[in-house]
Amino acid sequence: MAEVFRDDLHDVTLHVNGAAHDVRVPARRLLSDAIRHDCGLTGTHVGCEHGVCGACTVLLDGRPVRSCLMLAVSVADAEITTVEGLGGDDDSLGPVQQAFAECHGLQCGFCTPGFLTTITAGLRENPTPTREEATEMIAGNLCRCTGYQNIVRSVLRAAEIQAGEQS
Amino acid sequence: MKPAPFAYVRPSSLSEALTALGEDPDAKVLAGGQSLLPLLSMRLAQPSRLVDINGLPDLDHVDVTDEGVRVGALARHSAVLASAEVERVQPLVTLALRHVAHATIRNRGTTVGSVVHADPASELPAVLALLGGSVDVEGPRGRRTVAAEELYVGPLETSLSHDEIAVEAFFPALGPRSGVAFEELARRHGDYAMAGVAALVEVDGDDVVSASAGFFSVCERPTVVDLTCAEDPGEAALAELEPSADIHASLDYRRQLVRVLTPRVLAAATEHARRRAHG
């Protein structure tokens, strides 16, 4: 008979986009899966599940991390931002999302949530990137449609939109 | 691509962490997890228990003195990389960290974790070995300091025992007449290198009084070679190295990379040492 095992379950409160989600998960639940399946926020996409593709990137206390390389049980005390949390309260697009729409920064859209979170944090650190810095900013994210030129353009456009909003 | 089940504990003191680790010979420490999580997801590792040290804020420090840089076990790569003090006291650490994966991984991955993960393809073990650094380890028998040359036993293997936790890495400061340089070749930016070299050179006037290089992603463990009197540093290094072939690079190609990178990096380190010495 096959070995029967049972995971011990942990009660964890995940703070995602300003809302608290009480979830009961096994220790091995990846943060990416907890966000999608336990919190129901399917905007975060899961590509390679070993930290290479960047599709699952979320912000942990404002800094981009791979949610597939984190355990849900390990981040109970952190504030998580997913792609759902990047827009305005009235469902309007955030500046990076707006730039992607304007510059045709996505094709199939699978990688997009990871780019949006990464660039949002990147522009906070460097609000006026050069083209080269924009390229470096997205170097850890893969787009299998290979639409990188328009994504770089979107980074620069998002910087413009943000600068306009602040002036 | 999901980890096998394991028990999880998140201690709030180092002694609790050591107890949790000592109770289970198959337990592993979780710090940044940027190397451990892929191993778990691919089921290349199946520890029965994870001891999460992220609840031990005392380990999250980067202390810089004239002696060198002390990095605590919870300091993320990004924090070490962002420190201007680290760059001033030991610029090789900063040079190497720029090549560790991508910024997103560096936000979570820890420098000490990378040092004791002992991946022969990773940058920091070679840097620690080249600089003659060390790791401070806490265990049931107290605290001890392990020199880098005693640390690396084989691929992904250190001389630490299962019930010990590496709490701090020490990178000695760069001397006033010494210089460093670093270069690696990877297929894509952020990938593991096919070969990489760090160099440390000391000069007296214009004369080189000592020169050595640390190699990673060449042999089965980080390897330091003394090249002080070498006329042909590339060949001299190869005589001391046992390169291995893998899917990323053939044996011949790795040898060629060592031949090309070694003199280039040594020259850059010599130039750096002269600039510092002439102040």
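Within an unreviewed UniProt entry, the label attached to chain B reads Molybdopterin dehydrogenase, FAD-binding subunit, and the organism entered is uncultured Nocardioides sp.

K.L.:
Could you give me a rundown of the overall build of chain A, with the residues and numbers involved?
P.N.:
Helix and strand content of chain A: five helices and five strands. Counted from the first residue to the last, chain A has its helices and strands arranged as β-β-α-β-β-β-α-α-α-α. The C-alpha atoms of chain A give 17 Å as radius of gyration, which agrees with the globular expectation for 167 residues (15 Å, within 12%). Here the C-alpha coordinates of chain A stretch approximately 60 × 30 × 25 Å along the principal axes.

K.L.:
Account for the overall build of chain B, naming residues and giving values.
P.N.:
What chain B contains, in helices and strands, is eleven helices and 14 strands. C-alpha extents for chain B along the principal axes are approximately 55 × 40 × 35 Å. Residue burial in chain B is summarised as follows: out of 279 residues, 52% are buried. Sequence-distant contacts, at least 24 apart, represent 62% of the contacts inside chain B between residues at least 6 apart.

K.L.:
Tell me what's going on with unusual backbone geometry, and back it up with residues and numbers.
P.N.:
Not every positive phi belongs to a glycine, and A:Thr146 is a case in point at roughly 55°. Relative to the helices and strands, A:Thr146 is located in the loop between helix H4 (131-137) and helix H5 (148-166). With a phi angle near 45°, B:Ala101 is a residue other than glycine that sits in the positive phi range. With respect to the helices and strands, B:Ala101 occurs in the loop between helix H5 (91-97) and helix H6 (103-106). A count of 23 C-beta atoms within 10 Å places B:Ala101 in the buried class.

K.L.:
Got a sec to walk through the sheet that holds strand E4 (residues 62-65) of chain B? Specific residues and values, please.
P.N.:
Residue and element names in this part refer to chain B. Here we have five strands laid out as an open sheet, ordered E4-E5-E10-E6-E7, and antiparallel in their pairing. Sheet topology places E4 and strand E7 (142-147) at the edges, where each strand pairs with a single neighbour. Across the sheet, the axes of successive neighbouring strands diverge by a mean angle of 20°, strand direction being ignored.

K.L.:
Can you explain the packing of helix H3 (residues 112-125) of chain A against H5(A)? Please cite residues and give values.
P.N.:
Residue and element names in this part refer to chain A. In contact at an axis separation of 11 Å, H3 and H5 are set at 45° when each is read in the N-to-C sense. Taken together, H3 and H5 sit at an angle that is classed as oblique. By crossing handedness, the relation of H3 to H5 is classed as right-handed. The residues of H5 that touch H3, namely those facing Phe115, Ile119 and Leu123, are Ile151, Val155, Ala158, Ala159 and Gln162. The residue makeup of the contact of H3 with H5, split by class, is seven nonpolar, one polar and no charged.

K.L.:
Tell me about the domain arrangement of chain B, residues and numbers included.
P.N.:
Buried accessible area, meaning the area lost when the parts come together, often serves as the stated size of an interface. In terms of domains, chain B is made up of domain 1 (7-55), domain 2 (58-172) and domain 3 (184-277). The gap between the C-alpha centroids of domain 1 of chain B and domain 3 of chain B is 35 Å.

K.L.:
Break down the UniProt feature "domain: FAD-binding PCMH-type" (unreviewed entry) in chain B for me, citing the residues and quoting the values.
P.N.:
When the UniProt feature table is mapped onto this chain numbering, "domain: FAD-binding PCMH-type" (unreviewed entry) sits at residues 1-176 of chain B. Here residues 1-176 of chain B runs as 33% helix and 26% strand, with 50 Å between its end C-alpha atoms.

K.L.:
Go over the domain arrangement of chain A with me, naming the residues and quoting the values.
P.N.:
All names here are of chain A. Looking at the assigned domains, one finds that chain A contains domain 1 (9-85) and domain 2 (95-166). Between the C-alpha centres of domain 1 and domain 2 there is a distance of 22 Å. Contacts between the two partners involve 16 residues from domain 1, matched on the other side by eleven residues from domain 2. If you list the elements that add at least two residues to the side of domain 1 that touches domain 2, you get strand E3 (57-60) and strand E4 (63-66).

K.L.:
Just give me the short version of the interface of chain B and chain A, but keep the residues and values in it.
P.N.:
Between chain B and chain A, the residue contacts involve 25 residues of the former and 23 residues of the latter. Of the residues belonging to the side of chain B that touches chain A, the class tally is 13 nonpolar, nine polar and three charged.

K.L.:
Just give me the short version of the sheet that holds strand E12 (residues 193-204) of chain B, but keep the residues and values in it.
P.N.:
Residues and elements named next belong to chain B. Spatial strand order, E11-E12-E13-E14: four strands in an open sheet with antiparallel pairing. Edge positions in the open sheet fall to strand E11 (178-186) and strand E14 (223-226), since each of these has one partner strand only. The mean inter-strand angle of the sheet, taken between neighbouring strand axes irrespective of direction, is 20°. One ladder, built from nine bridges, connects E11 with E12; its direction is antiparallel.

K.L.:
Summarise the nonpolar core; cite the residues concerned and give the values.
P.N.:
Membership of the largest hydrophobic core comes to 132 residues, with the highest contact counts inside it found for A:Ala72, B:Val51, B:Ile53, B:Val127, B:Ala198, B:Ala199 and B:Ala213. Looking at this core, the element that brings in the most residues is E12(B), giving eight residues.

Cut-offs and rules
- Residues numbered from 1 in each chain as written.
- Chains lettered and ligands numbered in written order.
- Predicted model: local features only at pLDDT ≥ 70, side-chain atom pairs only at ≥ 80, totals over all residues.
- Helix = DSSP H or I, 4+ residues; strand = E, 2+ residues; numbered from the N terminus.
- Rg over C-alpha atoms; globule rule 2.2 N^0.38 Å.
- Buried ≥ 20, exposed ≤ 12 C-beta atoms within 10 Å, placed from the backbone.
- Contact = placed C-beta atoms within 7 Å.
- Pairing = 2+ DSSP bridges.
- Axes fitted to C-alpha atoms, helices over the stretch in contact; angles between N-to-C directions.
- Parallel < 35°, antiparallel > 145°, perpendicular 65-115°, else oblique.
- Left-handed = near helix turned anticlockwise from the far one by under 90°.
- Nonpolar A, V, L, I, M, F, W, Y, C, P; charged D, E, K, R; others polar.
- Domains from an automatic or database assignment.
- UniProt positions renumbered as here; feature names shortened; annotations may be inferred.
- Core = buried A, V, L, I, M, F, W, Y, C linked by C-beta atoms within 7 Å.

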